[in-house]
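# Notes for the structure review
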Amino acid sequence: MKGKLITLEGIDGSGKSTITSFLNSHPSFANAVFTREPTTSWIGDAVYKAIQSDTDELAELMLFTADHADHIATLIRPAIEEGKIVISDRYSDSRYAYQGVTLKERMEEPMEWIQMIHRGWTIVPDLTLLFDIDPSVAVQRCGKRGEQTKFEKIDLLKGVRENYLKLAEKEPERFIVIDTDRELKEIEKDVLQAITSIIES
Ligand code: TMP
């Protein structure tokens, strides 16, 4: 039996990491493979170097995309073919949403172009949970974690959120939008329900 790919998406400060830790320690997912993008490979390290500097936005997209290709080849595809449940903290939609903003001065319809260059080789998730939050609340949360990266600026995050919501609207069968302006327990309940129903389907 083929496995399932579940991805967690949202702007910085959306509470995605808290939910990832919750799932990671939940007994139902003891056999699941937890992973993330940017990855922990040398390409992922290069991505972090790019984020922390003034790297050209197109070069940055290519690095993120190279990291994704390597992630699929070395971990995602083999795990799914072995029948595993794979849960990835960020995946292709991060590129569509974030680089869809950072490249908007460089080309028309950057989000569609980035989706197009993924087509034919990326693996589309079975379920994507989008953790939705008001960017001003998210920025306050990021601020508490210390120095902001260039991706944690409010104007950029507003655009990223819009892109995420557009993606969710276009593919309602894949996305579940989770309102994170609620008690953590309620969010955890919705997340568990969504993942369980996709695993059992
Ligand atoms: P992280 O905060 O989840 O470690 O991700 C690092 C930053 O990189 C975060 O601000 C989101 C951003 N990002 C992109 O811009 N494009 C991508 O494709 C990915 C995976 C992350």
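See the structure shown above.
Figured I'd write up the structure that's included with this text. (Residues numbered from 1 in each chain as written. Predicted model: local features only at pLDDT ≥ 70, side-chain atom pairs only at ≥ 80, totals over all residues. Heavy atoms only, no water.)

What follows deals with helix 2 (residues 42-51). Restricting attention to buried positions, one finds in helix 2 the residues Ile43, Gly44, Val47, Ala50 and Ile51. In an axial view of helix 2, the angular spread of the buried residues amounts to 110 degrees, which keeps them on one side of the axis. Facing away from the buried side of helix 2, by more than 90 degrees, are the exposed residues Trp42 and Lys49. Next to the buried residues of helix 2 lie helix 3 (57-81). Structurally, the start of helix 2 carries an N-cap: the backbone nitrogen of isoleucine 43 is 3.1 Å from a side-chain oxygen of serine 41. (Buried < 20%, exposed > 50% of the residue type's maximum accessible area, 1.4 Å probe, protein only. Helix = DSSP H or I, 4+ residues; strand = E, 2+ residues; numbered from the N terminus. Arc of directions from axis to C-beta. Contact = heavy atoms within 4.5 Å. Polar contact = N/O pair within 3.5 Å; in protein donor to acceptor, adjacent residues only side chain to side chain.)

Here the focus is the environment of glutamate 188. In this fold, glutamate 188 is placed in helix 8 (residues 184-200). Along the sequence, glutamate 188 and isoleucine 178 sit 10 residues apart, while their C-alpha atoms lie 9.9 Å from each other. Excluding residues within four positions of it along the chain, glutamate 188 makes contact with Ile19 and Phe22. Polar side-chain contacts of glutamate 188 include one of 3.3 Å to the side chain of lysine 185.

Now for unusual backbone geometry. Cis geometry marks the peptide bond from glutamate 37 to proline 38, where omega comes out at -5 degrees. Inspection of the secondary structure puts proline 38 in the loop between strand 2 (33-36) and helix 2. A positive phi angle is found at arginine 90, which is not glycine, with a value near 75 degrees. Here arginine 90 is to be found in the loop between strand 3 (85-89) and helix 4 (92-102). Of note in this structure, glutamate 109 is not a glycine but carries a positive phi near 50 degrees. Structurally, the position occupied by glutamate 109 is in the loop between helix 4 and helix 5 (110-118). The exposure class assigned to glutamate 109 is exposed, which follows from its relative accessible area of 56%.

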